[in-house]
Each structure stands twice: as C-alpha cells, then as structure tokens.
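Chain by chain, the residues:
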Amino acid sequence: MVDAAPLYEVLRDAIRTEEPVALATMVEGPNPGAKLLVRPGHAPAGSLGNADLDRVVVRDTLGALESGLSSPRHYGPLGEARQAEVAVFVEAFAPPPQMIIFGAVDFTAALARVAKVLGCRVTVCDARPVFATAVRFPAADDVVSDWPDRHLAKVGASLGPRDAICVLTHDHKFDVPAITAALATRAGYIGAMGSRRTHTERIERLRAAGVDDTGLARVMAPIGLDIGARTPEETAVSICAEIIALRTGHTAPSLRDTEGSIHR
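Rules behind the numbers
- Residues numbered from 1 in each chain as written.
- Predicted model: local features only at pLDDT ≥ 70, side-chain atom pairs only at ≥ 80, totals over all residues.
- Heavy atoms only, no water.
- Helix = DSSP H or I, 4+ residues; strand = E, 2+ residues; numbered from the N terminus.
- Buried < 20%, exposed > 50% of the residue type's maximum accessible area, 1.4 Å probe, protein only.
- Contact = heavy atoms within 4.5 Å.
- Areas by Shrake-Rupley, 256 points an atom, 1.4 Å probe, with all protein chains shown as cover.
- Lys, Arg positive; Asp, Glu negative; His and termini not counted.
- Charge placed at Lys NZ, Arg CZ, Asp CG, Glu CD.
- Pairing = 2+ DSSP bridges.
- Phe/Tyr/Trp six-rings, centres within 6.5 Å; stacked < 30°, edge-to-face > 60°.

**Considerations on the overall build of the chain**
- Along the chain, the regular secondary structure elements total 8 helices and 11 strands.
- Projecting the C-alpha coordinates of the chain onto the three principal axes gives extents of approximately 65 × 35 × 35 Å.
- Among the 264 residues that make up the chain, the fraction classed as buried is 43%.
- Of all intrachain contacts in the chain linking residues separated by at least 6 positions in sequence, the fraction that spans at least 24 positions is 58%.
- Counting only carbon and sulfur atoms, one obtains 56% of the accessible surface of the chain, whose full area is about 13,200 Å².
- Taking the 28 positively charged and 32 negatively charged side chains of the chain as two groups, their mean positions are separated by 4 Å.

**A closer look at the sheet that holds strand β8 (residues 142–145)**
- Taken together, the 6 strands give an open sheet; going across it, the order is β8-β7-β6-β9-β10-β11, and neighbouring strands pair in parallel fashion. In this open sheet, the two edge strands, each paired with only one partner strand, are β8 and β11 (219–220).
- The pairing of strand β9 (residues 164–167) with strand β10 (residues 189–192) spans 4 bridges and is parallel. From the neighbouring strand, Ala-164 faces β10, where its bridge partner is Tyr-189.

**Brief notes about the environment of Lys-116**
- Mapped onto the elements, Lys-116 comes out in helix α3 (residues 106–117).
- A relative accessible area of 32% places Lys-116 in the partly exposed class.

**Digging into the packing of aromatic side chains**
- Within this structure, the stated rule accounts for 1 aromatic pair.
- A centroid spacing of 4.9 Å and a plane angle of 25 degrees characterise the contact between Trp-147 and Phe-174, whose relative ring orientation is stacked. Of the two residues, Trp-147 is situated in the loop between β8 and α4 (148–155) and Phe-174 in helix α5 (residues 172–182); the sequence distance between them amounts to 27 residues.
- Overall, the relative accessible area of 10% leaves Phe-174 in the buried class.

So, in structure tokens, the structure goes:
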C-alpha cells in the first residue's frame, strides 16, 4: 500500500491555514484504503488506482468542498455513474462560511453573535469609521471601515455558495451599491433589511442601477424568516434560520414571500 503519511501532512497544513481541502478514501473496491487528496488550484495528490476514476472523484470532491459536506460516493470501476462496485468516502474540510454584514447598527451586533455560534467567520463593514469599531462588535472576526462596493471589490472573488451577505444599512446610498456589488459575487445568500415600503423603493433604485429580475430574485428582502421577530436578537435568529433553510433547500416562510406588516 502507498504510504499516506505525505498526504496527511498536506491535509494537516491545509486545515491549519483554513485552505479548502478534501480527502477521498476508497472504502470498497479493488484498492481499499487508497487515497486522493484534492485542493482547488493544485494538482491532486495520491490515487485511487485508476486515472478515469480519479478524474471523476476529483470533480465530485471539488463539488463537496463547495457545499462543505462530507459523504460517501459510489461509482463503477472506471468512475461510471449509477454503479456501486466502488465506494469512496469524501471528507471535505472547507473553511468556515463567511458572513459579511454591511451597516454598523444594533442588529449587526446581534447578528454577528448568532452567526459566530453557527461557525461563521464574520466581517462587519461600514463606511463610517466612528461606528465601525471592534469595541462595538467584539464578536466579529474583522471590522472594516469602507464603502460596501469597495470592500466587495476586494473580497468578493473569495465568496461562494456557503457564504452570506447581509445588508442592514437602511440607507439607499449604502445598500444599493452593496446589493449591486453582492450580486456580482457567488454568495449563496444575499439579504437586505427594511420595511416592505423601503424595499419597494429599493427595487426601483436597483432597477435604475441595472439590476434585472434574476438579480432581484436573489435578494431576500425583507430579510429573515417570518417568525414574528422584534428584537435585534430575535431578528438575528430569523436571518440565520433563513440562511440555513436556503442552504439546505428547505421551504420556510420568508418575509419576502409573505404580505402585510412585518411587526404584527
């Protein structure tokens, strides 16, 4: 059997630096115990014993890193789909999901705390340096004083389907550029706070900024699930619950899809 120690060293170092990495291990098939290490942007290391099988498993493993989920996979001897002669367990070690919150407000502090409980890496961003301070948002991993669109121009390429952008600014001069820039990323969740009237006005401004129906459909606004939340902490729970529901594909009563007053 091929010595797997070098693969584990690379795996260890990648996990320590929060670099996305996955280890595929054959648990049933001609080479039980064979391993394949996959890192985006790097050549795969190791082998499951067949080049065609390796190619298919690398593709599926990169998909597992996108979702952050570990799971068993089944193939034919050459990587054929819908066959079960070969079983491979894919362990995905994805970095923590990112949440970027725009707007240094009371709801932001509560959302940062709840998001940290869920394992997110949280960034708070506001263009006003007097409000964007680590003292006000101790739960955040990073507090940035910058305009939302400029910040997303720097970090947007790193965002993927597991990541969330929450716009809590309540100010068109901030939230329209923030949402427009957010729509240019691959973030899996984009939410915006505000009343239904505020969002109706926001939609007009977004359309004027060139956002089409497909883009508008990505925006969860008013933000959060319709659970009757009123306090910042309750609202934070409703937002995080909506993110989980969207990520897992579960149907839930989003405020965006209901009518009437948000606060009954």
